[in-house]
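Chain by chain, the residues run as shown.
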Amino acid sequence: MTNSHAENAQDGQHRPDARGAAYATDGPGAAGAPDAPGVPGGSGGPAVSGEGSASGDAQAPGGGERDRAAEDAATRRLAKAVLAAEQALIEFEIAVETFRVEVENFSRLHHQRLGPMYARLDELDAQIAEAVAARTGDPEDVRKAREARASVLPMPNVEELFHGWIGSDGLFPEAQAMLAEQPVQPPQKVRPSEDARKAYRDLVRKAHPDLARDDAERERRDAFIARVNAAYGAGDEAALRELAKEWEAGPAPAEERLSESEELYARLEWLAERKELLAAVAAELEESAIGAMIKMAPQDPDALLDEIAEKLLADVAERETRLAQLVG
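Residues numbered from 1 in each chain as written. Predicted model: local features only at pLDDT ≥ 70, side-chain atom pairs only at ≥ 80, totals over all residues. Heavy atoms only, no water.

> Any chance you could explain the packing of helix 7 (residues 194-207) against helix 9 (residues 237-249) here in plain terms?
The relative placement of two packed helices comes down to the angle between their axes together with the axis-to-axis distance. Close contact between helix 7 and helix 9 brings their axes to 9 Å; oriented N to C, the two are set at 25 degrees. Classified by the angle between their axes, helix 7 and helix 9 sit roughly parallel to one another. Note that helix 7 runs across helix 9; the crossing there is left-handed. Every residue of helix 9 that contacts helix 7 at Asp-195, Ala-196, Ala-199, Tyr-200, Leu-203, Lys-206 and Ala-207 is listed here: Glu-237, Leu-240, Leu-243, Ala-244, Trp-247 and Glu-248. Looking at the contact of helix 7 with helix 9 residue by residue, the classes come out as nine nonpolar, no polar and four charged. (Axes fitted to C-alpha atoms, helices over the stretch in contact; angles between N-to-C directions. Helix = DSSP H or I, 4+ residues; strand = E, 2+ residues; numbered from the N terminus. Parallel < 35°, antiparallel > 145°, perpendicular 65-115°, else oblique. Left-handed = near helix turned anticlockwise from the far one by under 90°. Contact = heavy atoms within 4.5 Å. Nonpolar A, V, L, I, M, F, W, Y, C, P; charged D, E, K, R; others polar.)

Written out as structure tokens, the structure reads:
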């Protein structure tokens, strides 16, 4: 919104901490890389001559086997830490993406449903200020009336110039659909249905690109998850069900193999870096005006839109009454 009432409504909201409840999940940083256990070395005591020498030679292979067993155990523990970190990161990404969809939907629905009410309030405020100035003739009242009228006719921003087709982030989804000759499906609600949310989470947990072990597999998963995100953003349960079938019928993910310790440590470092990037995205969403509004009603953000609409209707009625008294 560019009018004064929309800005006041958004900027005046309480902004939650960047680490809100929407992201209360243990990430890979919490899992961390375990300390590498010491690797025993050597094969025991020195060899002795005679019969003792034969005995010592027989023990040497056993010591080497114990070393390898200890190394294998350490690698298995590290692999478990990597797996836990991967799963934590995926859950974090799911939380960030679902909240991003709600922020985007809330913003669009807020503009569509409440924009006319904000515009009506601005117009009434201008008319009231002009009526007061006409009655009093006071220079200060005249100045206020001019300011109120100027706020009703602001310089159009990108959204207004292109009549809702394009914004600062590019084409709106409805415009993209129309240009691609696809049905236009604006969001019905801020939060997609529970069935859509469950299907989305299940698909992301199975097909997330972070589970890939080679570039080709990552590219396949990236492309698939992009379609999953689009279907979820549109709240399209049918499309999500079809995508679930497609994934099950597709090539099976490569069987995970036990990596070397160095590779596992590098994997943990990458996961931690990825979590930091996601944390920055989460903080930006939560600190935005729309994100702060959604945090006021985390259980039912659609009800918050209804509540705001009722308040705006009451404000419109109050101003219409006052204007009628001034000009009547």
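> Explain the side chain of His-110 to me, please; I cannot follow it from the model alone.
Inspection of the secondary structure puts His-110 in helix 3 (residues 51-136). A polar side-chain atom of His-110 sits 3.4 Å from a polar atom in the side chain of Tyr-118. (Polar contact = N/O pair within 3.5 Å; in protein donor to acceptor, adjacent residues only side chain to side chain.)

> Got a minute to help me understand the environment of Arg-197 in this structure?
Its place among the elements puts Arg-197 in helix 7. By relative accessible area, Arg-197 is classed as buried at 15%. The spatial distance from the C-alpha of Arg-197 to the C-alpha of Leu-240 is 9.6 Å, given a sequence separation of 43 residues. (Buried < 20%, exposed > 50% of the residue type's maximum accessible area, 1.4 Å probe, protein only.)

> For this particular structure, what's the right way to read the environment of Asp-195?
With respect to the helices and strands, the residue Asp-195 is situated in helix 7. A relative accessible area of 55% means that Asp-195 is categorised as exposed. Sequence separation between Asp-195 and Glu-237 is 42 residues, and the spatial gap between their C-alpha atoms is 7.1 Å.

> So what exactly am I meant to see when it comes to helix 8 (residues 215-233) here?
Along an α-helix, a turn takes 3.6 residues, which lines up residues three or four apart on a common side. The end-to-end C-alpha distance of helix 8 is 27 Å, a good match for the 27 Å that 19 residues give at a rise of 1.5 Å each. When we look at burial in helix 8, the residues that qualify are Glu-217, Arg-221, Phe-224, Ile-225, Val-228, Ala-231 and Tyr-232. Buried residues of helix 8 fall within an arc of 110 degrees about the axis and therefore sit on the same side. Along helix 8, the residues that are exposed and aim more than 90 degrees away from the buried face are Asp-215, Ala-216 and Glu-219. (Expected span 1.5 Å × (residues − 1). Arc of directions from axis to C-beta.)

Geometry only, nothing functional implied.
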